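Examining the three-dimensional arrangement
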Amino acid sequence: MGQRYESQPYEVLQSMDDLEIRFYPPAMMAKTKANTGNPFSTLFRYISGSNQNNEKIEMTTPVHMYPEDGTSAMEFVLPKKYMEQDAPIPSQSNVEIYQSEPGYFAAVRYGGYSNASKVKTHTDRLMGEIQKHNLKAISNPVVLSYDSPYKVMNRRNEIVVEIDYENAE
């Protein structure tokens, strides 16, 4: 059975030990912060039609999660078609739509349900691999979650961090 959701595209440029070096092209994103209630619910309402077009937007993967300004931010990747046409304007002021910049990222993958302890363990693993391969991180780590909370087996999570790849040796 194939994947149910459209997934944010990326190209694997290199695999080194536990690490993948990826290039992510621009994508349209919907973002909110946790100081505005439950970030997942906020974004889910937006894609469920709480926007100026009352348009339902397909769910995609992965969900991006990271700390920002002392709170937690969450982003949904919008379907690729919104690179060609405008994404619906959110009805809620706490949802921001923007186009991400293309970039090079180092990534590590882990399974199971994610939690703060696993995020720390795998972030440390990622940063260790970056150091080992003489790469330079230029952003804070981001947790990517690919599965619904109801999926139990073969869960996919990743930690990614933007790197200065064009200037790498």
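Coordinates for the structure precede this section.
Conventions and cut-offs
Residues numbered from 1 in each chain as written. Predicted model: local features only at pLDDT ≥ 70, side-chain atom pairs only at ≥ 80, totals over all residues. Heavy atoms only, no water. Helix = DSSP H or I, 4+ residues; strand = E, 2+ residues; numbered from the N terminus. Rg over C-alpha atoms; globule rule 2.2 N^0.38 Å. Buried < 20%, exposed > 50% of the residue type's maximum accessible area, 1.4 Å probe, protein only. Contact = heavy atoms within 4.5 Å. Areas by Shrake-Rupley, 256 points an atom, 1.4 Å probe, with all protein chains shown as cover. Lys, Arg positive; Asp, Glu negative; His and termini not counted. Charge placed at Lys NZ, Arg CZ, Asp CG, Glu CD. Pairing = 2+ DSSP bridges. Axes fitted to C-alpha atoms, helices over the stretch in contact; angles between N-to-C directions.

On to the overall build of the protein, then. The secondary structure content of the protein amounts to two helices and eleven strands. A globule of 169 residues ought to have a C-alpha radius of gyration of about 15 Å, and the protein, at 16 Å, matches this closely. With the C-alpha coordinates of the protein rotated into their principal frame, the extents come out at 50 × 40 × 35 Å. Every one of the 169 residues in the protein was classed for burial, and the buried ones make up 40%. Taking contacts inside the protein between residues at least 6 apart in sequence as the whole, the part at least 24 apart equals 69%. Here the protein displays about 9500 Å² of accessible surface, and carbon together with sulfur accounts for 50% of that area. The positive charge centre, built from 17 side chains, and the negative charge centre, built from 22, are 9 Å apart in the protein.

The next subject is the sheet that holds strand 7 (residues 71-77). Ordered in space as 2-3-9-11-10-6-7-4-8, the nine strands form an open sheet in which the pairing is antiparallel. Bordering the open sheet on either side are strand 2 (11-16) and strand 8 (96-99), each of which pairs with just one other strand. Taken pair by pair, the neighbouring strands of this sheet meet at an average axis angle of 30°, ignoring direction. Note: strand 6 (residues 63-68) against strand 7, six bridges, orientation antiparallel.

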